[in-house]
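This is what each chain is made of:
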Amino acid sequence: MDIERRVQELLDRQAIADVIHAYCFHFDQNEPEHVAELFTAEATVDYGPEAATIVGSDSIAATIATGLERTFAATSHHVSNIQLTFEDDDTARGVTYLYAWHRYVDGSPDGELWGRYHHRFERTATGWKIAELVLTAAGAVDFHRSTMHPIGRR
Amino acid sequence: MDIERRVQELLDRQAIADVIHAYCFHFDQNEPEHVAELFTAEATVDYGPEAATIVGSDSIAATIATGLERTFAATSHHVSNIQLTFEDDDTARGVTYLYAWHRYVDGSPDGELWGRYHHRFERTATGWKIAELVLTAAGAVDFHRSTMHPIGRR
Amino acid sequence: MDIERRVQELLDRQAIADVIHAYCFHFDQNEPEHVAELFTAEATVDYGPEAATIVGSDSIAATIATGLERTFAATSHHVSNIQLTFEDDDTARGVTYLYAWHRYVDGSPDGELWGRYHHRFERTATGWKIAELVLTAAGAVDFHRSTMHPIGRR
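(A) Region of the structure containing the pairing of strand β6 (residues 127-141) of chain B. Residues and elements named next belong to chain B. By the bridge criterion, four bridges tie strand β1 (residues 39-46) to β6 in an arrangement that is parallel. Its bridge partner lying in β6, V45 is registered against L133. Two elements, strand β5 (residues 111-124) and β6, share 13 bridges in a ladder whose sense is antiparallel. By the bridge assignment for β6, H118 is matched with V134. Relative to strand β7 (residues 149-150), β6 runs parallel, the two sharing two bridges. Following the sheet pairing, A137 is matched in β7 by P150.

In structure tokens form, the structure reads like this:
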């Protein structure tokens, strides 16, 4: 066994999971500037067909900040089923399940989303960052968005 | 520390978690043939007292395919709390928590299940496979099945 | 790479996750004495502003036993987003997301909680134990408690 290589992969998996968890944590704490720090400078974020793809960590912070302030009174993003594939030593792709609960500023019924994060991660000089994020949905109830990218169920 | 042995166990844990996640993923994508590939040829699956125990990966594919086509319009199987115990180097038992959401073809209210997967895993020539699967339920709401194996709460 | 140290940290992370999962498992199985065994003798547990902080594993068992018997007919504690930071080799702090479902003895509507466990863990002669536990909530629906510690969303 190439021990060092296998341990490095386990450490990378842990570091990438920490990035995913930090995204959820800072989103739910309403800290859009810390969410944005998890992305590469040129990262793209596609939350769905209704919204234009966001490009760059600065735009990410501004876009998320608006939603966090105007739309949500509280959110909770529970991720699981993290499935990672390394394309090379410094790039990985992942599919992560999301169960998200949302309470709205306007008093609408709480929204629930059963989704997937499709990520591309890159190792940078300051650690693993998100280079691409696409959100898809298996389904939703009372969610504030009427259309979502589908998960592609057969 | 016997480094190689400890690293091997960590890698095995990761590989087994990947099998559990692949089960959920292919189920939710309506890919019963890929679900079945995760089981050993002689595997047994017990989804509950209403249904006969399924034996063998071929039967698993056929049984799941029927449900996926006729019953579910969409599903989302979120697993967590993966608790593994190795019986020997090539066999492990696990209890995994399941929060599953189901949308029905017939328009019934969405069903939710708070369950447990009880697994036995075997290392095979083609990687870790599921040799046994028993589903139990802590509870359910609007679920399409009226009886489930209980979790055995005291 | 200091392989041995890195592997030890990965093993410690696994062991601590197992403690969190054991807490959920024994709680949901109504085994308060096994929940209490996961805590240090002097551990403190703060479930919220309505209840006094519980001190010591014996008090923890007694307090949990009362709730498990009188309040809950069934519970399911799904944890994810486990974020650990090691303060030194033998102490770690963690924030873990909780999605908990509760069915009540008195027939009240099922309660749901989207919370966080804030833990301090200590390595002891008998393995990692919980030395502190504080529960906070992002939100809840039909929960049996009217006030919770907030997550501190900005």
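Now that the structure is up, let's keep going.
(B) Structural view of the interface of chain C and chain B. The partner chain B presents 25 residues to the 32 residues of chain C that form the contact. Each partner contributes to the roughly 2400 Å² buried at the junction of chain C and chain B, and carbon and sulfur atoms together form 52% of this total. Counting the surface chain C buries against chain B, the share from its top three residues, L11, Q29 and H78 of chain C, is 22%. Taken together, the connections running from chain C to chain B amount to two salt bridges. The shortest N-O distance in the salt bridge between D28 of chain C and R116 of chain B comes to 3.5 Å. For the interface between chain C and chain B, the tally reads 18 residue pairs in polar contact (both at pLDDT 80 or more). Looking at the side of chain C that touches chain B, the elements with two or more residues in it are α1 (3-28), α2 (32-36), β3 (72-88) and β4 (91-104) of chain C. Sorting elements by how many residues they give to the side of chain C that touches chain B places α1 of chain C first, with 13 residues. Partitioning the side of chain C that touches chain B into residue classes produces 15 nonpolar, nine polar and eight charged.

(C) The environment of S59 of chain A, seen in detail. All names here are of chain A. The residue S59 is located in helix α3 (residues 57-70) in this model. When its relative accessible area of 32% is taken as the criterion, S59 is described as partly exposed. The spacing of S59 and D89 is 30 residues in sequence and 28 Å in space, taken between C-alpha atoms.

(D) Geometry of helix α1 (residues 3-28) of chain A. If you check α1 of chain A, its first and last C-alpha atoms are 38 Å apart, about what 26 residues at 1.5 Å a residue would give, namely 38 Å. Once α1 of chain A finishes, N30 of chain A follows within two positions and takes phi at roughly 60°, a positive value.

(E) Inspection of the interface of chain B and chain A at higher detail. Between chain B and chain A, the residue contacts involve 32 residues of the former and 25 residues of the latter. Of all residues in chain B, L11, Q29 and H78 of chain B bury the most surface against chain A, accounting for 22% of the area lost on that side. Connecting chain B to chain A are two salt bridges. R154 of chain A is paired through a salt bridge with E33 of chain B; the nearest N and O atoms lie 2.9 Å apart. Along the contact surface separating chain B from chain A lie 18 residue pairs in polar contact (both at pLDDT 80 or more). Sorting the residues of the side of chain B that touches chain A by element identifies α1 (3-28), α2 (32-36), β3 (72-88) and β4 (91-104) of chain B as the ones contributing at least two each. Sorting elements by how many residues they give to the side of chain B that touches chain A places α1 of chain B first, with 13 residues. Taken together, the residues that form the side of chain B that touches chain A break down as 15 nonpolar, nine polar and eight charged.

(F) Spatial organisation of the relation of the copies chain C and chain B. With an RMSD of 0.0 Å, the operation that places chain C on chain B is a rotation of 120° combined with a shift of 0.0 Å along the axis. Seen this way, the second copy is the image of the first under a three-fold rotation axis. If distances are taken from each C-alpha of chain C to the rotation axis, the shortest is found for S80 of chain C, at 3.6 Å. When you check the interface residues of chain C against chain B, a mere 16% turn up at the interface there too, and the two sides of the contact use different surfaces.

So, how was this worked out
- Residues numbered from 1 in each chain as written.
- Chains lettered and ligands numbered in written order.
- Predicted model: local features only at pLDDT ≥ 70, side-chain atom pairs only at ≥ 80, totals over all residues.
- Heavy atoms only, no water.
- Pairing = 2+ DSSP bridges.
- Helix = DSSP H or I, 4+ residues; strand = E, 2+ residues; numbered from the N terminus.
- Contact = heavy atoms within 4.5 Å.
- Buried area = accessible area lost by both parts, 1.4 Å probe.
- Salt bridge = Lys/Arg side-chain N within 4 Å of Asp/Glu carboxyl O.
- Polar contact = N/O pair within 3.5 Å; in protein donor to acceptor, adjacent residues only side chain to side chain.
- Nonpolar A, V, L, I, M, F, W, Y, C, P; charged D, E, K, R; others polar.
- Buried < 20%, exposed > 50% of the residue type's maximum accessible area, 1.4 Å probe, protein only.
- Expected span 1.5 Å × (residues − 1).
- Least-squares fit on C-alpha atoms with pLDDT ≥ 70 in both.

None of the figures reported here should be taken as evidence of function without further support.
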